[in-house]
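Architecture at a glance
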Amino acid sequence: MKKRTFLKLSSSLLATPSLSTLANWMADEKLRNWAGNLHYSTTRLDQAKSLQQVQKLVKGYEKMKVLGTRHCFNGIADSTTQFVSLVEMSQVLSLDAKAKTVTVDANIKYGDLATYLDAKGFALHNLASLPHISIAGACATATHGSGAKNGNLSTAVAAMELVLANGEVRTLSRAKDGEAFRAAVVHLGGLGVVTKITLDIQPTFQMRQYVYENLPMTQLKEHFDAIEASAYSVSLFTDWQKNRVNEVWLKERVEKGKPAAAKPEFYGAKQATKNLHPIAELSAVNCTAQMGVAGPWYERLPHFRMGFTPSSGKELQSEYFVPARNAVEAILAVERLRDHISPHLMISEIRTIDADSFWMSPCYKQASVAIHFTWKQDWASVKKVLPMIEKELAPFKARPHWGKLFTLAPATLQSRYEKLPEFKKRMADYDPKGKFRNAFLDMNLFGK
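Described below are features of the structure shown in this document.

Side note on the overall build of the chain
- Counting secondary structure elements, the chain contains 12 helices and 21 strands.
- Overall, the C-alpha framework of the chain stretches about 60 × 50 × 50 Å when taken along its three principal axes.
- Per-residue burial for the chain yields a buried fraction of 56% across its 448 residues.
- Taking contacts inside the chain between residues at least 6 apart in sequence as the whole, the part at least 24 apart equals 71%.
- As displayed, the chain has an accessible area near 18800 Å², and 52% of this comes from carbon and sulfur atoms.
- When the 58 positive and 42 negative side-chain charges of the chain are each reduced to one mean point, those points stand 3 Å apart.

Here you go:
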């Protein structure tokens, strides 16, 4: 943050002791997302410190969106009129050791919650590759980690509190609210402002991580299911060249009485002799520890360490989910485009995610494989490649990650979500005047 910006923010905070109104304090500096590829459409930003302040702000605006940790690469969180930040609502509220749940402010980051939980003897079931993202934003977009038996991050949600468009506070739980709960967890920002989330937790555990290099694509084709089932969490990194997967990251739980016994070879891939970054040319200093060194779950499940900036620099991201049964066919379909993809690519990552029951989740009722692309920040070129990828993946009815870049026609996207008509009715019930709708939702959920 520039010194001038900091001084303006400080003055605003001091001038508004009951409600930190930050409207127009960045009028000369546009708000941007995490990667810098997206400039948001307004600089009007109010900050709430309590549920009551959220209610007051929601009732006071005709249109608004919540701006979280800004990790989405598209306009799903954008607003042309007004943002509300919950950055000061980022605390652990309670831990119920008997029920094995923790209740938190929705804006808390996974990395911050993880250290708290571990100190209390608990853990989450999984983490995404970055621990820097907010829990509310990750769950709203069905963000995920990896593991054939691990659901995405939203599957840990046991209850949630949200403020509806009229200011009403609604609490929904897995135990009591059935389909209403399953409709709301992956809500895409279209139902209200989530202020509190209760998550399932489990006893803490240790993990170790091994990396292997140059897995032959023929081995992947013949043994995909076995490779993905070989560890608690598996990530495959490839640039789609040389008929191989560049790196295989295996994250396994440390089991009592089970010694570390990494093999020098893994389906034809060789064990790495030093820590690696997913992009081989980059330093691994900001990556989580490898080489089989045991450590806490939260320091192994992500690829990047909380205390470091994870990005390699400016980038764009896309990701497509296909049914796990079609994984090999889909991977080989993308590989056929290697000469179109590689000039614009930093790296791709392939991960597995278990099925869930959330209406708008890409993994709704289907175990999935996610094919991720980290692109160079050249949207003009990437925009030409994405339709090629989407065409190759069309036979598998691929669903894009809600927070990343895609070019699927709205009608095509809508046809791949069987519960979308009911979700739109739920939006109309919770938000009859479209207070939380924006251009992204209008186009992708309602567009022709």
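That shown, we press on.
Observations regarding unusual backbone geometry
- Although it is not a glycine, Ala142 adopts a positive phi angle of roughly 60 degrees.
- For Lys242, which is not glycine, the phi dihedral falls at a positive 60 degrees.
- If you trace the backbone, Lys242 turns up in the loop between strand E13 (233-238) and strand E14 (244-253).

Notes on the packing of helix H11 (residues 420-430) against helix H12 (residues 439-446)
- H12 packs onto H11 with a crossing angle of 140 degrees between their chain directions and a minimal axis gap of 11 Å. Residues Leu420, Phe423, Lys424 and Met427 of H11 pack against Leu441, Leu445 and Phe446 of H12.

Structural notes on the sheet that holds strand E8 (residues 157-163)
- Ordered in space as E5-E6-E10-E8-E9, the 5 strands form an open sheet in which the pairing is antiparallel. The outermost strands of the open sheet, each flanked by one partner alone, are strand E5 (92-96) and strand E9 (169-173). Strand-to-strand, the axes of this sheet are offset by a mean angle of 15 degrees, without reference to chain direction.
- Here E8 runs beside strand E10 (residues 193-200); their pairing, made up of 6 bridges, is antiparallel. By the bridge assignment, Glu161 is partnered in E10 with Lys196.
- Lying on the sheet, helix H2 (residues 51-60) is in contact with E8, E9 and E10; it crosses E8 at an angle near 50 degrees.

Thresholds, definitions, all that
Residues numbered from 1 in each chain as written. Predicted model: local features only at pLDDT ≥ 70, side-chain atom pairs only at ≥ 80, totals over all residues. Heavy atoms only, no water. Helix = DSSP H or I, 4+ residues; strand = E, 2+ residues; numbered from the N terminus. Buried < 20%, exposed > 50% of the residue type's maximum accessible area, 1.4 Å probe, protein only. Contact = heavy atoms within 4.5 Å. Areas by Shrake-Rupley, 256 points an atom, 1.4 Å probe, with all protein chains shown as cover. Lys, Arg positive; Asp, Glu negative; His and termini not counted. Charge placed at Lys NZ, Arg CZ, Asp CG, Glu CD. Axes fitted to C-alpha atoms, helices over the stretch in contact; angles between N-to-C directions. Pairing = 2+ DSSP bridges.

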